[in-house]
Each structure stands twice: as structure tokens, then as C-alpha cells.
Amino acid sequence: SSGINAEYGEVLKQKIVDKKEDSTYRTFRVLSRDAGNAPFAAARTDNSDSETVSVWCSNDYLGMSSHPEVTGAVIETIEKHGVGAGGTRSIAGTSHYHVNLENRLASLHGMEAGLVFTSCYVANDTALQTLARQLDAEIYSDAGNHASMIAGINNSRQPKFVFRHNDVGHLEELLQRGDPTRLKIIAFESVYSMTGTMSPISEICDVARKYNAITFVDEVHAVGLYGETGGGLAEEQGIAHKIDVVSGTLGKAYGLVGGYIASSDALVDVVRSYGSGLIFTTSIPPSTAAGAFASINVLAGSEGRELRTRHRAAYSLLRKKLLDNGLPVLECPSHIVPVHVGDPHKATRCMEILLQEYRIYVQAINYPTVPRGSELLRFVATPYHSPEMMDYLMMALTDVWERLDLPKFS
């Protein structure tokens, strides 16, 4: 019979059993989002036929994946150039759409150059390991950094130092202990995707200058959502000029797929020339680049500012309603609204009850995405989540909290 050797198969099966027993096994919910009716989707909630559910955890924060200017740009480009790029960036895979997008990303962040990747996981992994190697640099990493940044740092095989989350004092302590003859990279995020915390960007940049380090800032959960033109948290705080390298995504607020970095001409050219994650993979389709270009322009203008205002009103209202109902919302200033559960089995059960009985989809976040004991439900309110939908969610959550005997705020 075909298949893997039985001895290997048994080892692999046991690995899955272990994941299921500690509630860290990941189930992919099959959703068909309704492009004309956000935030609703068709989903199979059990063994029954598909039913309409409201989605409370999508990273399509502003609904740009179905914006007519974005979809129009994608369709027009597909009709002209087909659905694929045709090759890697260096072999037939670079179009004027890619070049225009990279120039637009550079201008968005006030940088000299931009570089587009197939995802921001690839962008972070490739850029960090390439820079650390080529600069022969030490890397200083925030303890809360995304897996993609950790991968790049580890893959560089350069000396690394992890500072406590958002702790500038601890960062400086580590820098003081570092090799004064080595170049240094400080890697951190602006908005942390699970806890919703925001980093002290300006303070970290000031410490970086003091120790002759460069900063690498992941703005994945901020681009499109913060700043006058959607340039991210650094733009909103008026400190974009302090950052040396920024990474971002086209797959969240901008509604498509892909990632990028923006920095100086020299730095981007080094990543372009040495980064295997860019050199040896097919580039994003021209249609994706065209759609991203359109999305960036929409969110940089008056419509984008109006969407950001509505978005802020929505997540602020959701946070208030959760607090008013005594639910344990983690304190954070961003658009991400995490509700603490603290038990992997109960977090998973919360998700299942909400989906099966209330047709509400929110993803339980368990280890290793968050530390054990920090399991949570991560809510995202978009401009399209109404107050009435929030009231229905409060009713459902109150019921689930009582049934599972979960603690509430007094």
C-alpha cells in the first residue's frame, strides 16, 4: 500500500494526539466570506449545511478586500496580464506593477526604497537574517515579537538578546553588555497582534541612536489603520523619520496578500541581492500588486481617514460594551480587543459554543501563539460591525461565561 513507513506514521500520529490532548491542535474553519455583506460569511458550523455567521476575528480590518477600486484594479490587470507573475523577480517576474507598488510603499513611509515579498512572514524572515548576516550584527529582540521575526533572527545565527516586552530599560541594559565593536539591530513591532499592546517606538529609537544601533519595526497590524495617510503608528506619532527599516503587510488592512520592507536604497538593495526568500521564489502576481497600489491610495486619502474614524469608533464601543458586561478585556490601546480566558480547553469550548449555537465566529488563541495560561478570544471590530451586533455578542458571551464558570470583572 502507498503511504509513509508505519514506524514513522505512528510517531507522527502521536504528535497530533499530543496536540489535541492539550487543546493546541489547530482546526481550519472553512469560511466563504460575503464580499457584499461584511462581516458575514457562510460556514459549516458542524455537520450541517453551510450557515451564515458573523466573523469577529478577520484581519481584513477595513473591508478593503472587496472595495470596488481594489477589485476593479485586480480584475483589469488579470484581463490584461493573466493571473500569475511568470517567474521570480530576477527571471521574468517583475512588472511595472511591482515597481510602482514598491515606489508607493517607499513614499508611504518616507523611505528611499521598498521591496515586496510573497508575505510579511517571508519579508521579516528574509530581511532580518540577511541584514544580520551581511552586517555581522548582534540582534536585540522584543520578547513579544512575531514568529516570523524570531525565525529570521534565529536563521541569521548571529548573537541575539531578548529584552522584556516593551521594556526600554531592559533593552538598554542588554545593549550595555553587548560587544561595542559589533553593529546592532533592534527588532520590535509597533502593534502586537494578540495582546494589542503598542510599543514605545520613539524611546526605543532614541536608545538605538545612543548605542549606534538600527531599528527594524514591524508595522503589520498598523499600516492602513493609523496615521494621516495610513503609514502606521510611527506616522501617527510623527516619528516615522526615526525608524531605519519598516516591514508591513498587504494582507491585513490593505486586503490582499504579500509583505514588504522599506528603508534606504543601500539597505533594500542588499536584501534584494542577498535575500534567498526573495531571490528563489515566484513573485506576487501583477494583479495583486495593482490591487495593493489601489488600496494604499484609497486609504491614504479622505475615504481612508473616514474608514479609520469609523473603525476606531467600532472597536472603542466594543471594548466599552465588554467592560460594561464585566468581561475580562485585556487593557490595551489598539484596535485589537483580547478577552482573557486562561484555559486552553475552555477557550476552545467558548469558540465552539459561539459558533454552533450563536453563529458567531471568533478564534480561540492558545499556546504557542500566546503563553500557557494566557489563552484568549481575540476580537476585531470593523466599521461594519453594528452596535446591535455587539449587543447580540454580549448576550452570547454572558451565557458562555456562565456556562463555563469563567471569571468576570466585578
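Above: the structure in question.
Please read all numbers here as calculations on a predicted model, not as lab measurements.

Conventions adopted
Residues numbered from 1 in each chain as written. Predicted model: local features only at pLDDT ≥ 70, side-chain atom pairs only at ≥ 80, totals over all residues. Heavy atoms only, no water. Helix = DSSP H or I, 4+ residues; strand = E, 2+ residues; numbered from the N terminus. Rg over C-alpha atoms; globule rule 2.2 N^0.38 Å. Buried < 20%, exposed > 50% of the residue type's maximum accessible area, 1.4 Å probe, protein only. Contact = heavy atoms within 4.5 Å. Areas by Shrake-Rupley, 256 points an atom, 1.4 Å probe, with all protein chains shown as cover. Lys, Arg positive; Asp, Glu negative; His and termini not counted. Charge placed at Lys NZ, Arg CZ, Asp CG, Glu CD. Pairing = 2+ DSSP bridges. Right-handed = clockwise from strand over helix to strand, strands pointing away. Phe/Tyr/Trp six-rings, centres within 6.5 Å; stacked < 30°, edge-to-face > 60°. Lys NZ or Arg CZ within 6 Å of the ring centre and 35° of its normal. Axes fitted to C-alpha atoms, helices over the stretch in contact; angles between N-to-C directions. Polar contact = N/O pair within 3.5 Å; in protein donor to acceptor, adjacent residues only side chain to side chain.

Engineer: Can you tell me about the overall build of the chain, naming the residues and giving the values?
Structural biologist: Regarding its fold elements, the chain presents 14 helices and 14 strands. Scaling as 2.2 N^0.38, a compact globule of 410 residues should have a C-alpha radius of gyration of about 22 Å, and the chain matches this with 22 Å. Burial statistics for the chain: of 410 residues in total, 53% are counted as buried. Contacts spanning at least 24 positions in sequence make up 71% of the contacts within the chain whose residues lie at least 6 apart. As displayed, the chain offers around 18,300 Å² of accessible surface, 52% of which is attributable to carbon and sulfur atoms. Placing the 37 positive and 47 negative side-chain charges of the chain at their respective mean positions leaves the two points 2 Å apart.

Engineer: An account of the pairing of strand 5 (residues 138-142) is requested, with residue identities and associated values reported.
Structural biologist: Taking burial as the measure, the 5 residues of strand 5 include 5 buried ones, the bulk of the element. Side chains of strand 5 alternate between two faces, with Glu138, Tyr140 and Asp142 and Ile139 and Ser141 buried alike. Bridge count between strand 5 and strand 7 (residues 184-189): 4 bridges; the pairing is parallel. If you follow glutamate 138 over to strand 7, its bridge partner there is lysine 184. Both strand 5 and strand 6 (residues 160-163) contribute to a ladder of 4 bridges, which runs parallel. From the neighbouring strand, tyrosine 140 faces strand 6, where its bridge partner is phenylalanine 161. The handedness of the strand 5 to strand 6 crossover, carried by helix 5 (residues 147-156), is right-handed.

Engineer: Can you lay out unusual backbone geometry for me, pointing to particular residues and giving the numbers?
Structural biologist: Of all residues except glycine, most have a negative phi; of all peptide bonds, most are trans. Between alanine 38 and the following residue, proline 39, the backbone shows a cis peptide bond with an omega angle of 5°. Considering the arrangement of structural elements, one finds proline 39 in the loop between strand 1 (31-33) and strand 2 (40-43). Of note, the bond from tyrosine 367 into proline 368 is cis; its omega dihedral lies within 30 degrees of zero at 10°. On the secondary structure map, proline 368 appears in the loop between strand 13 (364-365) and strand 14 (376-380). Phi angles above zero are rare outside glycine, and arginine 359 is one such case at about 60°. As for its position among the elements, arginine 359 is in the loop between helix 13 (344-358) and strand 12 (360-361). Note on arginine 359: relative accessible area 23%, which makes it partly exposed.

Engineer: Quick one: what's the story with the packing of aromatic side chains, residue by residue and with numbers?
Structural biologist: Under the counting rule described, the total for this entry stands at 2 aromatic pairs. Aromatic pair tyrosine 140 and phenylalanine 161: ring centres 4.9 Å apart, planes at 15°, arrangement stacked. In this pair, tyrosine 140 sits in strand 5 while phenylalanine 161 sits in strand 6, placing the two residues 21 residues apart along the sequence. What makes phenylalanine 161 partly exposed here is its relative accessible area of 25%. Judged by centre distance (6.0 Å) and plane angle (65°), the ring pair of tyrosine 358 and tyrosine 392 falls under edge-to-face. With tyrosine 358 in helix 13 and tyrosine 392 in helix 14 (residues 387-403), the pair connects residues that are 34 residues apart, well separated along the chain. Under the relative-accessibility criterion, tyrosine 358 is labelled buried at 14%. Of note, lysine 20 hangs over the ring of tyrosine 25, and the distance from its end group to the ring centre comes to 4.8 Å. Directly above the ring of tyrosine 367 sits arginine 372, whose terminal nitrogen or CZ lies 3.9 Å from the centroid.

Engineer: Could you give an account of the sheet that holds strand 6, with specific residues and numbers?
Structural biologist: Spatial strand order, 4-10-9-8-7-5-6: 7 strands in an open sheet with mixed pairing. The open sheet has two free edges, formed respectively by strand 4 (113-117) and strand 6, since each of these has just one partner strand. Sheet twist, expressed as the mean angle between neighbouring strand axes with direction ignored, is 20°. Strand direction decides the pairing type here: strand 8 (residues 213-218) and strand 9 (residues 245-249), joined by 3 bridges, are parallel. Residue pairing in the sheet places aspartate 218 in a bridge with serine 247 of strand 9. Most of the contacts of helix 5 go to strand 7, to which it runs at about 160°, and overall it touches strand 5, strand 6, strand 7 and strand 8.

Engineer: Describe the side chain of serine 247, naming the residues involved and giving the relevant values.
Structural biologist: Note that serine 247 resides in strand 9. Engagement of the side chain of serine 247 in a polar contact is seen with the side chain of asparagine 124, the distance being 2.8 Å. Contacts of serine 247, omitting those with residues within four sequence positions, involve Cys120, Asn124, Phe216, Val217, Asp218, Glu219, Val220, Tyr260 and Ile261.

Engineer: So, the side chain of histidine 311: which residues are in play, and what are the values?
Structural biologist: Inspection of the secondary structure puts histidine 311 in helix 12 (residues 302-324). Looking at histidine 311, the relative accessible area reads 2%, which means it is buried. Every residue in contact with histidine 311, bar those within four places of it in the chain, is listed here: Tyr61, Leu62, Leu225, His335, Ala381, Thr382 and Pro383.

So, to be careful, I would describe these as geometric facts and stop short of saying anything about function.
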